[in-house]
Amino acid sequence: LGTFNGGSDGGISGTGRANQAVTYRVGVKGLRIGLQGMLGGRSDRLIDGYGASLVYAAPKVLTVGAAYNQLILSGRDLPALSTWDGRDARTVVASMRLTWEGAFLAAGGAWNQNHEVTNATVGGTEATLFLTGLGLEVVAGYTWKRTLSFVLGYNQLTFPDKPSWIDPRMARRYAAAG
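In this text the structure is predicted, and so the values were computed from the model without any measurement.

Quick notes on the rules
Residues numbered from 1 in each chain as written. Predicted model: local features only at pLDDT ≥ 70, side-chain atom pairs only at ≥ 80, totals over all residues. Heavy atoms only, no water. Helix = DSSP H or I, 4+ residues; strand = E, 2+ residues; numbered from the N terminus. Contact = heavy atoms within 4.5 Å. Core = buried A, V, L, I, M, F, W, Y, C linked by side-chain atoms within 4.5 Å. Buried < 20%, exposed > 50% of the residue type's maximum accessible area, 1.4 Å probe, protein only. Polar contact = N/O pair within 3.5 Å; in protein donor to acceptor, adjacent residues only side chain to side chain. Pairing = 2+ DSSP bridges.

Undergrad: Which parts of the structure should I look at to understand the environment of Trp-111?
TA: With respect to the secondary-structure elements, Trp-111 resides in strand S7 (residues 103-122). Not counting chain neighbours up to four residues away, the residues in contact with Trp-111 comprise Arg-90, Thr-91, Val-92, Thr-132, Gly-133 and Leu-134.

Undergrad: Looking at this structure, how should I read the nonpolar core?
TA: Within soluble globular proteins, side chains that are nonpolar tend to cluster in buried spots. Membership of the largest hydrophobic core is limited to 5 residues, which are Ala-127, Leu-129, Leu-131, Leu-157 and Phe-159. Counting residues per element, this core draws most heavily on strand S8 (residues 125-144), at 3 residues.

Undergrad: When you look at unusual backbone geometry in this model, what are you seeing that I'm missing?
TA: The phi torsion of most residues other than glycine is negative, and most of the peptide bonds are trans. Backbone geometry at Lys-29 places phi at a positive 55°, although glycine is not the residue there. A positive phi angle, near 50°, is found at Lys-145, a position not held by glycine. Of the residues examined, Lys-145 reaches a relative accessible area of 62% and is grouped as exposed.

Undergrad: Looking at this structure, I do not really get the side chain of Asn-155. What am I missing?
TA: Take Asn-155: it is sitting in strand S9 (residues 148-158). Residue classification places Asn-155 among the buried positions, given a relative accessible area of 16%. Side chain to side chain, Asn-155 and Glu-137 meet in a polar contact 2.7 Å long.

Undergrad: How do you make sense of the pairing of S9 when you look at a structure like this?
TA: Within a regular strand, the side chains alternate between the two sheet faces. Note that S8 and S9 share 11 bridges and pair antiparallel. The partner of Val-139 across the bridge, within S9, is Gly-153. Connecting the antiparallel pair S8 and S9 is a turn made up of 3 residues, with Lys-145 showing a positive phi of about 50°. One ladder, built from 7 bridges, connects S9 with strand S10 (residues 171-177); its direction is antiparallel. Residue Thr-158 lies in a different strand from S10, and its bridge partner there is Ala-171.

Here is the structure:
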């Protein structure tokens, strides 16, 4: 959901693959709960993290979910110029999916604090940017007779608090059809 992580797979900031993580999942009827911890101290500036998710699936029609992720940041090894404000990286996500007679509509939103990490050169100096992002994703699709499917999707990531020296048009928007 609106996460680009400086071109990475999301593993470092906690939204992608988590290596050496402890995970617990449980489901009771339509309710699913997930907990995850990546503990043990990494050698670089990003150390530990944890997250939780809650998903409820109503019979055959509606699924809603929410998740929280926090990555404990340290200022070690950052370039002299950085937009890091000393706070941890946090992500809050909410989503929903409606399904009916071969069709579906899904939407989700994400708030990412100090989460979108990328590098830039500012006045000849390397800078690490820690940005807060707002993400939105909408996907709709239809399957005809279990043989032919059509899907449309839109994903957007904006940065409401970016420093003034960053291009004001900086955002990510993608649309896809297939």
